[in-house]
Structure formats: structure tokens, C-alpha cells
Amino acid sequence: MRRRRRGVDSVTAARLDDIRADVESCRRCGLCATRTNAVPGSGGRDADIMLVGEAPGRSEDARGEPFVGAAGTRLAGALARAGLARGDVYITNVVKCRPPDNRVPTAEERQQCSEYLQAEIEAVNPRIICILGNTAFGSILGGSEITKNRGKTASMNGRMYFVTIHPAATIYNQELRGTFDADIQSVVRIAAEIRSGKVITPDISY
Ligand code: URA
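Below, the structure is looked at part by part. Since the structure is predicted, the reported quantities are computational estimates derived from the model, not experimental observations.

With respect to the nonpolar core
In terms of nonpolar packing, the biggest core is built from 54 residues, with Ile49, Met50, Val52, Cys130 and Ile131 touching the most fellow members. Setting aside residues no more than four positions away along its own chain, Ile49 makes contact with Val89, Pro126, Ile128, Cys130, Val187, Val188 and Ala191.

Considerations on helix α3 (residues 70–81)
The end-to-end C-alpha distance of α3 is 17 Å, a good match for the 16 Å that twelve residues give at a rise of 1.5 Å each. All of the buried residues in α3 are Ala71, Gly72, Arg74, Leu75, Ala78 and Leu79. Angular distribution of buried residues about the axis of α3 spans 160°; they occupy a single face of the element. Buried residues along α3 sit in contact with α7 (169–172) and α8 (176–195).

Notes on helix α1 (residues 10–24)
Given a rise of 1.5 Å per residue, 15 residues ought to cover 21 Å, and the 21 Å separating the end C-alpha atoms of α1 matches this to within 8%. Of all the residues in α1, the buried ones are Leu16, Ile19 and Val23. One side of α1 carries all its buried residues, which in axial view fall inside an arc of 60°. Along α1, exposed side chains directed more than 90 degrees from the buried face belong to Ser10, Val11, Ala14, Asp18 and Ala21. Its buried side turned inward, α1 meets α4 (107–124).

Observations regarding the sheet that holds strand β3 (residues 90–93)
With mixed pairing, the seven strands of this open sheet are ordered in space as β1-β3-β2-β4-β6-β5-β7. Of all strands in the sheet, those bounded by a partner on one side alone are β1 (42–43) and β7 (204–205). Of the strands in this sheet, β2 (49–53), β4 (128–132), β5 (153–156) and β6 (159–164) touch helix α5 (residues 134–141), which is tilted by about 130° from β4. In the packing of α8 onto the sheet, the strands contacted are β2, β4, β5 and β6, and the crossing angle to β6 comes to about 165°.

Overview of the packing of α1 against α4
Between α1 and α4, the least distance of the axes is 10 Å, while the angle of their chain directions is 165°. As far as their axial angle goes, α4 and α1 are roughly antiparallel. The handedness of the crossing between α1 and α4 comes out as left-handed. Of the residues in α4, those touching α1 at Thr12, Arg15, Leu16, Ile19, Asp22 and Val23 are Tyr116, Ala119, Glu120 and Ala123. Tallied by class, residues from the contact of α1 with α4 come to six nonpolar, one polar and three charged.

Here we look at unusual backbone geometry
The phi dihedral of Asn125 falls on the positive side, at around 50°, and the residue is not glycine. Looking at the secondary structure, you find Asn125 in the loop between α4 and β4. Looking at Asn125, the number of C-beta atoms within 10 Å reads 14, which means it is partly exposed. The phi dihedral of Asn157 is positive, around 50°, even though this residue is not glycine. Its place among the elements puts Asn157 in the loop between β5 and β6.

Here is what the cut-offs are and how they apply
Numbers given to residues run from 1 along each chain, matching the order in which its sequence is written. The predicted nature of this model means local features are confined to residues of pLDDT at least 70 and side-chain atom pairs, given and counted, to a pLDDT of 80 or more, with totals for whole chains, interfaces and linings taken over all residues. Think of a nonpolar core as buried Ala, Val, Leu, Ile, Met, Phe, Trp, Tyr and Cys residues chained together by C-beta atoms that fall within 7 Å. To sort residues by exposure, count the other C-beta atoms lying within 10 Å of each residue's C-beta; 20 or more gives buried, 12 or fewer gives exposed, and values between give partly exposed, all with C-beta atoms placed from the backbone. The contact rule is simple: place each C-beta atom from the backbone, and if two of them lie within 7 Å, those residues are in contact. Secondary structure counts use DSSP, requiring at least four H or I residues in a row for a helix and at least two E residues in a row for a strand, with both numbered from the N terminus. Helix span, as expected, comes to 1.5 Å for every residue beyond the first. Regarding the arc, it is the one traced by the directions from the helix axis to the C-beta atoms. Paired strands, in this sense, are two strands between which DSSP finds at least two bridges. Geometry is summarised by axes, namely lines fitted to C-alpha atoms with helices restricted to the contacting stretch, and by angles between N-to-C directions that run from 0 to 180 degrees. Here the angle decides the label: under 35 degrees means roughly parallel, over 145 means roughly antiparallel, 65 to 115 means roughly perpendicular, and every other value means oblique. With the far helix as reference, a near helix turned anticlockwise by less than a right angle produces a left-handed crossing, and one turned clockwise produces a right-handed crossing. Throughout this entry, Asp, Glu, Lys and Arg are counted as charged residues, while Ala, Val, Leu, Ile, Met, Phe, Trp, Tyr, Cys and Pro are counted as nonpolar. The remaining residues, Gly among them, count as polar.

What follows is the structure, encoded as C-alpha cells:
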């Protein structure tokens with residue numbers, strides 16, 4: 001299944017270029033001192049689905065691209081099984097620079113970076129935002145207990161979200177592979193339903 005593209009207008013393209021430049025030169029928090037590359041979001045600039053992870057890891061820091069390491073392989077596999085290529089979605093993180101030793105980003109680091117994620121969301125204007133894991137869930141919606149809430153839709157400030165586990169969880173626990181695949185298939189289906197005009201009642205409203 002190939003998704004129809006909405007088409008990227010020049011304002012969106014210019015805005016995303018500006019955000020990328022701002023992220024690449026950002027010195028708002030201490031992570032700029034230890035990063036190799038800042039990692040702005042990438043993918044379809046007119047994507048219906050935006051996926052948001054926690055923060056870059058070693059491979060992402062080396063390449064300056066989100067989800068290109070082991071977790072990214074899991075994510076790309078799940079997307080492919082749902083009929084999508086990486087370029088069909090927009091992929092980004094809550095925090096754009098790698099925390100040393102892949103520690104969880106601090107509240108301060110997330111706060112300093114939140115403007116970039118908000119700007120990406122406004123520019124791409126996806127139909128649904130897929131939250132990958134507990135850190136993104138807490139940072140974006142103030143949620144917790146991802147295992148209890150995964151598979152659910154949520155709405156906040158007029159935007160639709162879908163909550164699932166982080167793809168890295170499927171590396172440590174193979175049993176979660178099917179769960180993650182099913183969740184990615186759900187988000188693809190819900191995005192198609194929204195595109196066709198169906199009104200989705202969220203499982204959680206904030
Ligand atoms: N984990 C994340 O949360 N983001 C990445 O980009 C890679 C691994």
C-alpha cells in the first residue's frame with residue numbers, strides 16, 4: 001500500500017529547512033558539547049504520520065539522522081510490513097542530540113528541545129503522531145505506563161496521537177515484535193481513516 005502524498009508546499013519546505021539549520025547549530029543545553037551531529041527529523045515532509053522517539057543513539061549521532069541504528073532497523077521493518085517506506089513518514093525525536101551513554105534525557109534537555117519538536121509538528125502537520133516509548137509519551141502528553149497505554153489513540157489541543165512502545169524494546173524482548181508490528185499497522189490504518197474523513201474518537205483525551 002503506497003500512501004498518497006499531499007504535496008510539499010514551499011513554505012513547509014522552507015520552514016523545515018530553517019528548523020534543521022536551527023537544530024544543527026543549537027547550543028541551548030549541554031548536549032551540544034558531547035554530540036558529533038545534531039539529529040533533526042527526516043522523512044516525508046508532507047507525511048500523514050509522524051513518529052517521535054526519545055533521543056539519538058550512537059549511530060544517529062554519527063550520521064546525523066534519526067533511527068538509523070538497531071532500533072531504526074526494527075522501526076523500518078515494522079513500517080515495511082505495514083506497507084510503508086521510511087520516506088512515507090516523518091521520523092524525529094523529543095531531544096535532537098545524543099545524551100552521553102544513551103541515558104534518558106533530563107527534563108531540562110527535553111524542555112530546551114521542545115520548541116523544535118513543536119515546530120516540526122506545525123510544519124509537517126501530520127494527521128497522526130505516533131509516540132514511541134515512555135520518554136516521548138511523558139514529554140509530549142505527560143503520560144506514563146506505556147505498556148498499559150500502548151495501542152491507544154489520544155488527543156490533545158486538536159491533534160491526534162497514537163501511543164506505542166519504543167522499537168528498541170523489541171530488541172530486548174522478542175515477544176514484543178508482534179505487538180509493535182500490530183501497533184504500527186493500527187496507526188497506518190487510523191491515518192488512512194482520518195484521511196478518508198472518518199471521525200476518530202480518541203481513547204484518551206487530554
Ligand atoms: N532511539 C531513539 O529514540 N531515537 C533514535 O533516533 C534512535 C534510537
